[in-house]
Amino acid sequence: MNDEQTLRYTRIDSTAQGGSRFVEAEISLAERTLAVGVPAMSVGGMPSAAGVSFLRSAGFDSAPHPAPARQWVVLLRGVLQVTTSDGEERRFGPGDLLFVTDTEGAGHTTVAVGAPPFEALFIPAGA
């Protein structure tokens, strides 16, 4: 295992023009032993606040909306297609990590793709 690794994720940011866009980012990972007797693992910090939510949906097709809060979205099941206000579309599936920060302006749309259910964790990130 490497001493230093990174975890790639996608962030949705607000633009100065009141829109939204995708930004590629990384979390630094470092090898750490979390408990005696457990093999070392790659660990990285994710800024968060209290109040993790689990979401399950049979499907959805949202109108353009800003994020209700700065939050991590961890996809667990299903595929979501997100379109930012600049017209770029991306699909995210199980294991994908998305950091949504476009809390003002035009926001983005989210459409469920494929068979339900769709499941995700929403982890508030604070200010």
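We now turn to the structure provided with this report. (Residues numbered from 1 in each chain as written. Predicted model: local features only at pLDDT ≥ 70, side-chain atom pairs only at ≥ 80, totals over all residues. Heavy atoms only, no water.)

Counting across every chain of the model gives four aromatic pairs. Where Phe-22 meets Phe-92, the ring centres are 6.1 Å apart and the plane angle is 50°; that geometry is what we call tilted. Placement of Phe-22 in strand β2 (residues 20–32) and of Phe-92 in strand β7 (residues 89–92) is noted, with a sequence separation of 70 residues between them. In this structure Phe-22 comes out as buried when scored by relative accessible area, which is 7%. Residue Phe-92 is classed as buried on the basis of its relative accessible area, which comes to 5%. (Phe/Tyr/Trp six-rings, centres within 6.5 Å; stacked < 30°, edge-to-face > 60°. Helix = DSSP H or I, 4+ residues; strand = E, 2+ residues; numbered from the N terminus. Buried < 20%, exposed > 50% of the residue type's maximum accessible area, 1.4 Å probe, protein only.)

Here the focus is the pattern of salt bridges. Under the counting rule described, the total for this entry stands at seven salt bridges. Salt-bridge contacts for Arg-11 lead to Asp-13; the nearest nitrogen and oxygen are separated by 3.0 Å. Arg-11 gets classed as partly exposed once you look at its relative accessible area, which sits at 22%. Of the residues examined, Asp-13 reaches a relative accessible area of 12% and is grouped as buried. (Salt bridge = Lys/Arg side-chain N within 4 Å of Asp/Glu carboxyl O.)

To continue, consider the environment of Ala-115. Tracing the chain through its elements places Ala-115 in the loop between β9 (108–113) and β10 (118–124). Taking the C-alpha atoms as reference, Ala-115 lies 14 Å from Leu-75; in sequence the two are 40 residues apart.

Further remarks concern the nonpolar core. Within the largest apolar cluster, 13 residues are counted, with the highest numbers of intra-cluster contacts made by Ile-12, Val-73, Leu-75, Phe-92, Leu-98 and Val-100. Where this core is concerned, the elements lending two or more residues are β5 (71–77), β6 (79–84), β8 (97–100) and β10. Those residues within four positions of Leu-98 in sequence are excluded, and the remaining contacts are Thr-10, Ile-12, Gln-71, Trp-72, Val-73 and Phe-92. Ranked by size, the runner-up nonpolar core spans ten residues in total, among them Tyr-9, Ala-25, Trp-72 and Leu-97. (Core = buried A, V, L, I, M, F, W, Y, C linked by side-chain atoms within 4.5 Å. Contact = heavy atoms within 4.5 Å.)

Mapped onto the secondary structure, Gln-81 falls in strand β6. Owing to a relative accessible area of 15%, Gln-81 belongs among the buried residues under this scheme. In this structure the side chain of Gln-81 is engaged in a polar contact, spanning 3.4 Å, whose partner is the side chain of Glu-89. There is a polar contact of 3.0 Å between the side chain of Gln-81 and the side chain of Arg-91. Gln-81 has contacts with Glu-89, Arg-90, Arg-91, Thr-109, Thr-110, Val-111 and Val-113, leaving out every residue within four places of it along the chain. (Polar contact = N/O pair within 3.5 Å; in protein donor to acceptor, adjacent residues only side chain to side chain.)

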